[in-house]
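So you can see what is in the structure, the chains are spelled out below.
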Amino acid sequence: MLVDDHAHARQAMRAIIQMEPEFDIVCEATNGRDAIALAEQWMPDLILMDINMPQLDGLEATKIIKERFPYVKIVMVTVSDDITHLFEALKKGAQGYLLKNLNPVSWHEYLRAVAIDEAPMSREVAVRLLQEFSSIKTSVPEHSPLTAREKQILECVAQGKSNREISESLAISEHTVKNHLKNILHKLHLDNRVQLMRYAYEKGWFRGRT
């Protein structure tokens, strides 16, 4: 589902998505309230959501949709790379964040990764998130249920590395990386990489590197 109050923006997103046969556009919405109703009607797997819209903005719509339909993956699409918007989107449950000025190939690669829960953050976004988490982190580190290897995997995720990059840096197979990630998410009762990164920094298990 595409959600944006500007017709030309939806047209641009539609053109990009239709270049990739793996994706089908099932519906479009022009505001957050319509997005909620259409999500219930069409039950899309993935939603591309604008942030600034009338009636109900994309952040609040994301929060409501994720509460009602946790399985839905939501990617915020915006012209702004404001860290405040990004951080709020992740807190509301969004799986990712795309800038409208990225080229179509980057869109396709990122959305495919989101669809299978393997989407890394971009290097720039990862660094800015680490800085944001570092500035708000006040809790005392608590005991971690993770093994030493799982902590290494977790730190790589927080640095924005893909599964392939993690496997190369730790000299293990991608299959092993995926299994470690499944174990980590299960132990921490989390659903995806974004929640994983936020949880680690909120708990103060390790400090990010810039």
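Residues numbered from 1 in each chain as written. Predicted model: local features only at pLDDT ≥ 70, side-chain atom pairs only at ≥ 80, totals over all residues. Heavy atoms only, no water.

A few points about the sheet that holds strand β2 (residues 28–29)
Backbone hydrogen bonds are what pair the strands of a sheet, in a parallel or an antiparallel way. Spatially, β2-β1-β3-β4-β5 is the arrangement adopted by the five strands of the open sheet, whose pairing is parallel. At either margin of the open sheet sits one strand with a lone partner, and together these are β2 and β5 (96–99). Relative to β2, strand β1 (residues 2–3) is paired through two bridges, and the arrangement is parallel. Paired with L2 across the bridge in β2 is E28. (Pairing = 2+ DSSP bridges. Helix = DSSP H or I, 4+ residues; strand = E, 2+ residues; numbered from the N terminus.)

A look at the pairing of strand β3 (residues 46–49)
In regular strands, side chains alternate between the two faces of the sheet. Neither face of β3 is exposed, since L46 and L48 on one face and I47 and M49 on the opposite face are all buried. Bridging between β1 and β3 involves two bridges; their strand directions are parallel. By the bridge assignment, L2 is partnered in β3 with L48. Where β3 and strand β4 (residues 73–78) come together, four bridges link them in parallel fashion. In the sheet register, L46 faces β4, and the bridge partner there is K73. (Buried < 20%, exposed > 50% of the residue type's maximum accessible area, 1.4 Å probe, protein only.)

As for the UniProt feature "modified residue: 4-aspartylphosphate" (unreviewed entry) in the protein chain
Taken from the UniProt record, the annotation "modified residue: 4-aspartylphosphate" (unreviewed entry) applies to D50. What makes D50 buried here is its relative accessible area of 7%. Every residue in contact with D50, bar those within four places of it in the chain, is listed here: V3, D4, D5, G58, M76, V77, T78 and K100. (UniProt positions renumbered as here; feature names shortened; annotations may be inferred. Contact = heavy atoms within 4.5 Å.)

Description of the layout of surface pockets
Taken as a whole, the second largest pocket holds about 340 Å³ of empty space. Together, 17 residues line the second largest pocket, and M1, F23, D24, D45 and L46 are the ones closest to its centre. Counting only elements with at least two residues in the lining of the second largest pocket, the list comes to β3 and α5 (104–115). The greatest single-element share of the lining of the second largest pocket, amounting to three residues, is contributed by β3. (1 Å grid on protein atoms, 1.4 Å probe; cavity = no way out; pocket = protein on both sides within 12 Å on 5 of 7 lines; lining within 4 Å. Points joined across faces, edges and corners; volume = space filled by probe spheres on them.)

A short note on helix α1 (residues 7–18)
A rise of 1.5 Å per residue sets the reference length of α1, with its 12 residues, at 16 Å; its end C-alpha atoms lie 16 Å apart and thus fit the reference within 8%. Listed in full, the buried residues belonging to α1 are A9, R10, M13, I16 and I17. For α1, the buried positions fall inside an angular range of 125° around the axis, keeping them on one side. In α1, the exposed positions angled more than 90 degrees off the buried face are occupied by H8, Q11 and Q18. Check the buried side of α1 and you find it contacts β1, β2, β3, β4 and α5. (Expected span 1.5 Å × (residues − 1). Arc of directions from axis to C-beta.)

What about the environment of E88?
Tracing the chain through its elements places E88 in helix α4 (residues 83–92). Sequence separation of E88 and L59 is 29 residues, and the distance between their C-alpha atoms is 7.2 Å.

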